[in-house]
Amino acid sequence: MSDQNPVFIPGPTNIPDVLRKACDMPTLDHRSAVFDTILKPALAGVKKVLKTEEGEVVIFPSSGTGGWEAAISNTLSAGDKVLAAQQGMFSQKWIDMCERHGLDMQVFEVEWGEACPVVSYAEALLADTNHEIKAVLVTHNETATGVLSDVAAVRRAMDAAGHPALLYVDGVSSIGSMDFRMDEWGVDLAIAGSQKGFMLPAGLSIVGISQKAIATMEQADLPRYYFDLRDMIAQLAVGGYPYTPVVGMLNGLAKSTEMLLEEGLDNVFARHHRIAEGVRTAVRAWGLEICAVREEIYSDSVTAILAPEGFDATELVNHASNKYGVSFGGGLGKVAGKVFRIGHLGSLTDVMALSGIATAEMAMVDLGYPITLGSGVAAAQEYYRTTAG
Ligand SMILES: *Cc1c(COP(=O)(O)O)cnc(C)c1O
C-alpha cells in the first residue's frame, strides 16, 4: 500500500508533515520549566478551538473514548439518570459505557441516519419536574452515519424546561472541523480526540469542562483515578501532570491549534463544507443514497453512502484497499455491509478529495455497481471548479 495516498477514513486523518515533525521530539523532562512552554500554548489553543473562555481544558494520554469516561466518571454517581440517543455506533458505545458505570439510562432509539431527537429530549426534560436527570448526552457528529446533531437546540430545550442537568457533547469528529461553541451552547463537558479534526496521531483525549461541571466533581461518587479531572486541573494549573504526559503529542497539539487558528476557524469550517459538498455532489451523480436522512443534518466531516441492494459495502472497502491502496470507512454495527464512508475531515483539499472520489468510483465499477465511471468525478470537478478561490 502506498504511503503517499491520502486516507479517506473518518479518523485517524491525514497528518500534515509539519505536525509529524512537531510530534517528533527528543526526551524532555516533563517536570522541568520547559514543559510548560509546550503545555501552555496547547491548552490555550484548544480553548480557542472549543470557543471557551470560562471553561477549563484537560488533555489525557488516551484516545477519545477516555474522554467519555473522564466526563461521566467525574461528574456523576451510580444510579444517576442520563438522557441519551442511540443513533449510530459511537452514541451506542457511549451508552454502553454509561451502563457499565451503573448509570440509569433513558435512551431514545432513532433510525440510524437520524439526528439527536431534540423534541423527545425536550419532552423528557419537561416531564422530569423532580430533576432526576443529571446528564444529557449528545453525539454532535455521529461518525458511523455521517449525521450532525443540533447541540444549540438541545441547550435551548434544557433552558426552556429550566432543567439543571449537565450537557455532555461528544465532539470527537466535529471539533476542529465544524462549528462548535462550548460557552455559547452551554456545553458542560466537551470531548475531542487528537486524530480527527486536530490532524494528529491518536493518543490524546481532550476534555473541556464548564465551571458548573467542576462544581459537581466532589459529590460525584463514580470511582476514577487515571481520569480524575480534579488531579489534572490542579496539576495543569502549575504547569505539570499527575503522571507522565505525551510531550511530543502535546507539542503537536500546540502546532495543530496554531494552524487551525491561523487558517481561521470559519475558513476551516467553510473548507470542510465545500469539500463535503463536492463528495455529496458525486454521490448524487452516482445515483446513490446518503445514509443521513435529511440535508440539514449532513455531516461536513464524513459521508456514509448506502450501497445499492445486493451489494456488500464491506467488500467495496476491502477491494479499494487491496487494489488501489486507498482506505475508506466501512459500515459499523447495525449498518455493517450496508454503508461505506468517505471521511473528509482534517488536512484535506478539494484536489485530494477528487482522488478519493475517483478511487471509490473505480472500485465500485470493478465490483459491478450500477454507476458510470467518471460520473461522480465530473460532477465534483464541476462543483469544485466553480466554487474555488
Ligand atoms: C472517533 C470517535 C470517538 C472516539 O474514538 P477513539 O477511537 O477512542 O478515539 C468517539 N466518538 C466519535 C463520534 C468518534 O468519531
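Above this note sits the structure.
Parameters and conventions
- Per chain, residue numbering runs from 1 following the sequence as it is written.
- Reporting in this predicted model follows two pLDDT cut-offs: at least 70 for local features of residues, and 80 or more for side-chain atom pairs to be given and counted; totals over whole chains, interfaces and linings ignore these cut-offs and use all residues.
- Calculated side-chain values reflect all of the structure's heavy atoms, with hydrogen atoms and water omitted.
- Burial classes follow relative accessibility: with a 1.4 Å probe on protein chains only, a residue under 20% of its type's maximum area counts as buried, one over 50% as exposed, and anything between as partly exposed.
- Going along the chain from the N terminus, every DSSP run of H or I of four or more residues is numbered as a helix, and every run of E of two or more is numbered as a strand.
- Throughout, the arc means that of the directions going from the helix axis to the C-beta atoms.
- Note on definitions: a residue-residue contact is assigned when non-hydrogen atoms from the two residues lie within 4.5 Å.
- As used in this record, nonpolar core signifies buried Ala, Val, Leu, Ile, Met, Phe, Trp, Tyr and Cys residues forming a set joined through side-chain atoms within 4.5 Å.
- Classification of ring pairs rests on two measures: the distance between centres of Phe, Tyr or Trp rings, Trp counted by its six-membered ring, which must be within 6.5 Å, and the angle between planes, read as stacked under 30 degrees, edge-to-face over 60 and tilted in between.
- A cutoff of 4 Å decides nearness: a residue is near a molecule or strand if any of its heavy atoms lies inside that distance of it.
- N or O atoms closer than or at 3.5 Å make up a polar contact, with two conditions inside protein: a donor-capable atom paired with an acceptor-capable one, and, for residues adjacent in sequence, both atoms drawn from side chains.
- Here the Shrake-Rupley method, with its probe set to 1.4 Å, supplies the accessible areas, and only the displayed protein chains count as covering residues.
- Salt bridge, as used here, is a side-chain nitrogen of Lys or Arg placed within 4 Å of a carboxyl oxygen of Asp or Glu.
- For two strands to be treated as a pair, DSSP must find no fewer than two bridges joining them.
- Note on geometry: axes are lines fitted to C-alpha atoms, helical ones only across the stretch in contact, with angles between N-to-C directions running from 0 to 180 degrees.

Caption draft 1: Just helix 8 (residues 229-237), in detail. Burial in helix 8 covers these residues: Leu-229, Met-232, Ile-233 and Leu-236. One side of helix 8 holds all its buried residues, which, seen down the axis, span an arc of 95°. As for helix 8, its buried residues are in contact with helix 2 (33-50), strand 1 (56-60), helix 3 (64-75), strand 9 (205-209) and helix 7 (211-214). The first or second residue beyond helix 8 is Gly-239, which carries a positive phi of 80°.

Caption draft 2: The arrangement of the nonpolar core in detail. Counting residues in hydrophobic clusters, the biggest one holds 85 residues, and the most contacted among them are Val-136 and Tyr-168. Considering each element in turn, this core owes the most residues, 8 residues, to helix 2. Every residue in contact with Val-136, bar those within four places of it in the chain, is listed here: Leu-83, Tyr-121, Leu-125, Val-154, Met-158, Ala-165, Leu-166, Leu-167 and Tyr-168. Of all hydrophobic cores here, the second largest spans 34 residues; its members include Ile-297, Ala-307, Ile-357 and Ala-360.

Caption draft 3: How the structure looks around the environment of Met-199. Looking at where Met-199 falls in the secondary structure, it is placed in the loop between strand 8 (189-193) and strand 9. It is 9.1 Å that separates the C-alpha atoms of Met-199 and Gly-176, two residues lying 23 residues apart in sequence. If we ignore the near neighbours within four places in the chain, the residues touching Met-199 are Thr-13, Asn-14, Ile-15, Pro-16, Leu-19, Ser-194, Ser-256, Met-259, Leu-260, Gly-346 and Ser-347.

Caption draft 4: Seen up close, the packing of aromatic side chains. Under the criterion given, the structure shown has 11 aromatic pairs. Taken together, a centroid distance of 5.8 Å and an interplanar angle of 20° make the contact between Phe-8 and Phe-328 stacked. With Phe-8 in the segment before helix 1 (17-23) and Phe-328 in the loop between helix 11 (313-324) and strand 12 (339-343), this pair connects stretches of sequence that are 320 residues apart. Each member of the pair, Phe-8 together with Phe-328, is buried. Geometrically, the ring pair formed by Phe-60 and Phe-227 is edge-to-face, given 5.0 Å between the ring centres and 75° between the ring planes. Here Phe-60, found in strand 1, pairs with Phe-227, found in the loop between helix 7 and helix 8; they are 167 residues apart in sequence, far enough to count as distant. Each member of the pair, Phe-60 as well as Phe-227, carries the same accessibility label: buried.

Caption draft 5: Spatial organisation of the site of the ligand. Close contacts around the ligand come from Ser-63, Gly-64, Thr-65, Trp-68, Phe-90, Asn-141, Thr-143, Asp-170, Val-172, Ser-173, Gln-195 and Lys-196, and that covers them all. With respect to the ligand, the side chain of Thr-143 contributes an N or O atom lying 2.4 Å from an oxygen atom. Asp-170 places a side-chain nitrogen or oxygen 2.6 Å from a nitrogen atom of the ligand. Contact with the protein chains hides 88% of the accessible area of the ligand, taken as 390 Å² for the molecule alone. Looking at which element gives the most residues to the shell around the ligand, the answer is helix 3, with 3 residues.

Caption draft 6: View of the pattern of salt bridges. One pass over the structure, following the stated rule, counts 20 salt bridges. Ionic pairing is found between Asp-188 and Arg-155, a salt bridge with its closest N-O pair at 3.7 Å. Taken as a pair, Asp-188 in the loop between strand 7 (166-170) and strand 8 and Arg-155 in helix 6 (residues 151-160) lie far apart in primary sequence, 33 residues in all. In this structure Arg-155 comes out as buried when scored by relative accessible area, which is 12%.

Caption draft 7: Representation of the side chain of Ser-173 in the model. Mapped onto the elements of the fold, Ser-173 is located in the loop between strand 7 and strand 8. With residues near it in sequence (within four places) discarded, Ser-173 still touches Asn-141, Thr-143, Met-178, Lys-196, Ser-301 and Leu-345.

Caption draft 8: Local environment of the sheet that holds strand 4 (residues 133-139). A sheet is described by the order of its strands in space; here 7 strands give the open sequence 1-9-8-7-4-2-3, paired in mixed fashion. Both edges of this open sheet fall to strand 1 and strand 3 (104-109), since each of them pairs with a single strand only. Between one strand axis and the next, the sheet turns by 20° as a mean value, whatever way the strands run. Pairing of strand 4 with strand 7 involves 5 bridges; the strand directions are parallel.

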